[in-house]
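So the chains spell out like this:
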Amino acid sequence: MLDRIDLATLVEASDLFTPADIEFAARKGSQGALETAVYGDLDKQPQMGGPTTGDYVTALAETRPTLTNAIVADFTEDIATIARL
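Figured I'd write up the structure that's included with this text. (Residues numbered from 1 in each chain as written. Predicted model: local features only at pLDDT ≥ 70, side-chain atom pairs only at ≥ 80, totals over all residues. Heavy atoms only, no water.)

1. Points about the pattern of salt bridges
Then, number 1: Taken as a whole and judged by the stated rule, the model has two salt bridges.
Then, number 2: A salt bridge links E23 to R27, with the nearest nitrogen and oxygen atoms 2.9 Å apart. With E23 and R27 both in helix α2 (residues 19–39), this residue pair falls four residues apart, about one helical turn.
Then, number 3: E23 sits in the partly exposed class, given a relative accessible area of 43%.
Then, number 4: You can call R27 exposed: its relative accessible area is 57%.
Then, number 5: Salt-bridge contacts for E62 lead to K28; the nearest nitrogen and oxygen are separated by 3.9 Å. With E62 in the loop between α3 (53–61) and α4 (69–82) and K28 in helix α2, this pair connects stretches of sequence that are 34 residues apart. (Salt bridge = Lys/Arg side-chain N within 4 Å of Asp/Glu carboxyl O. Helix = DSSP H or I, 4+ residues; strand = E, 2+ residues; numbered from the N terminus. Buried < 20%, exposed > 50% of the residue type's maximum accessible area, 1.4 Å probe, protein only.)

What follows is the structure in structure tokens.
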């Protein structure tokens, strides 16, 4: 099953995602793959063997990350300003 998943692609697609965002997208991708396997899709054959990288990338694309570049910049600035040495 792991040979169906490209981790590097998923890491790239999940930039600015929190662990909770990733968990939500993973559940969404798995659910989508299950629905396709059970109910089929007129545009593609039902897939067998579980979710693929494409299922997860689609779910990630449909999920808004919690973080923004501004939040990351503020956090980085806070670390530089108030971090203990």
